[in-house]
Amino acid sequence: MTQTTTKTKFTFEEYLIYDDGTDNRYELEDGELILMNPPTFDHALIIRFLTNNFEAEITRLNLPWLTLQGIGVRTSIARSRIPDISVINREQIIRRDISAILELAIIAVEIVSPESRTRDYRFKRSEYSVVGIPEYWIVDPVGQKVTILTLVEGFYEQVEFRGNEIIVSQTFPELGLTVEQVLQG
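The structure reproduced in this document is the subject of the present report. (Residues numbered from 1 in each chain as written. Predicted model: local features only at pLDDT ≥ 70, side-chain atom pairs only at ≥ 80, totals over all residues. Heavy atoms only, no water.)

**Some remarks on the side chain of R74**
Link 1 in the chain: Here R74 lies in strand β4 (residues 72-76).
Link 2 in the chain: One polar contact links the side chain of R74 to the main-chain carbonyl oxygen of S76, over a distance of 3.1 Å.
Link 3 in the chain: Polar contacts involving the side chain of R74 include one to the main-chain carbonyl oxygen of I77, which spans 3.0 Å. (Helix = DSSP H or I, 4+ residues; strand = E, 2+ residues; numbered from the N terminus. Polar contact = N/O pair within 3.5 Å; in protein donor to acceptor, adjacent residues only side chain to side chain.)

Structure, rendered in structure tokens:
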């Protein structure tokens, strides 16, 4: 159903069914819709590269997980984020005919763009830790780095990787990717 509105605050339930008749994607932030800009080609290539590598590891390890793009993660009563990539347990998908928003992911990946820098580094970091996402990747093409945040006792500990350094992931310890490979997509 197409919906046009001048409404400024949405409940989570209203957000789940909101359709403005476009292909726009929105995150929900304290009841407000935040338009997500379309990705650049660099952004899309990084997503593709990481998705392919995550899927290869999931297959190699025979895990019941999926790597998806465009699904939401509910981070509070009036917030929902859409990570660039989410690694989830396939058992979390109970119904396929409802909005693709989950309560938890195994890994959330955000690729930083100029308009999302503060959201990715600050807001999402705290939100993802509160809901218990074990690993959060921040891929920063401008900063030429990948930051891995690992949840330890409710707070993220972070390690930054640059250049030809091999990224260390607790979720995928044998992944063996360098920052340079990721950024080249």
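Right, picking up where we left off after that structure.
**What to know about the sheet that holds strand β6 (residues 85-89)**
Link 1 in the chain: One open sheet accounts for six strands, arranged β3-β6-β8-β9-β10-β11; its pairing is mixed. Each end of this open sheet is capped by a strand with a single partner; those strands are β3 (65-68) and β11 (155-162). Between one strand axis and the next, the sheet turns through 15° on average, direction left out of account.
Link 2 in the chain: By the bridge criterion, six bridges tie strand β9 (residues 135-140) to strand β10 (residues 145-152) in an arrangement that is antiparallel. The residue of β10 that forms the bridge with V139 is V146.
Link 3 in the chain: On the sheet, helix α2 (residues 41-60) packs against β3, β6, β8 (107-111) and β9 and is oriented at approximately 175° with respect to β3.
Link 4 in the chain: Sheet strands touched by helix α3 (residues 117-131): β8, β9, β10 and β11. Its angle to β9, the strand with the most contacts, is close to 175°. (Pairing = 2+ DSSP bridges. Axes fitted to C-alpha atoms, helices over the stretch in contact; angles between N-to-C directions. Contact = heavy atoms within 4.5 Å.)

**Some thoughts on α3**
Link 1 in the chain: The terminal C-alpha atoms of α3, which comprises 15 residues, lie 21 Å apart, in line with the 21 Å expected from a rise of 1.5 Å per residue.
Link 2 in the chain: Its maximal kink placed at K124, α3 deviates by approximately 40°.
Link 3 in the chain: Burial in α3 covers these residues: R119, D120, Y121, K124, E127, Y128 and S129.
Link 4 in the chain: Positive backbone phi, at 85°, marks G132, one or two positions downstream of α3. (Expected span 1.5 Å × (residues − 1). Bend = angle between axes of the 7 residues up to and from the residue. Buried < 20%, exposed > 50% of the residue type's maximum accessible area, 1.4 Å probe, protein only.)

**Here's the deal with the environment of V87**
Link 1 in the chain: Relative to the assigned elements, V87 resides in strand β6.
Link 2 in the chain: Take V87: its relative accessible area is 0%, and that puts it in the buried class.
Link 3 in the chain: Spatially, the C-alpha atoms of V87 and I71 are 10 Å apart, while their sequence positions differ by 16 residues.

**Comments concerning the packing of aromatic side chains**
A ring pair, where both rings are aromatic, is described by two values, the distance of the centres and the angle of the planes.
Link 1 in the chain: A full pass over the atoms with the stated rule returns seven aromatic pairs.
Link 2 in the chain: Between F54 and W137, the aromatic rings sit 5.2 Å apart at their centres with planes inclined by 85°, giving edge-to-face as the arrangement. Note that F54 is positioned in helix α2 and W137 in strand β9, a separation of 83 residues in sequence.
Link 3 in the chain: The structure contains a cluster of three or more aromatic residues connected by ring pairs, namely F54, W65, W137 and F172. (Phe/Tyr/Trp six-rings, centres within 6.5 Å; stacked < 30°, edge-to-face > 60°.)

**Describing the nonpolar core**
Link 1 in the chain: If you look at the biggest cluster of nonpolar residues, it comprises 25 residues, and the most contacted ones within it are L50, F54, W137, V139 and V182.
Link 2 in the chain: Ranked by the residues each element gives to this core, the list is headed by α2, at six residues.
Link 3 in the chain: Every residue in contact with W137, bar those within four places of it in the chain, is listed here: L50, F54, I107, A108, V109, E110, V146, T147, I148, I167, S169 and L175.
Link 4 in the chain: Of all hydrophobic cores here, the second largest spans 15 residues; its members include A105, A108, Y136 and I138. (Core = buried A, V, L, I, M, F, W, Y, C linked by side-chain atoms within 4.5 Å.)

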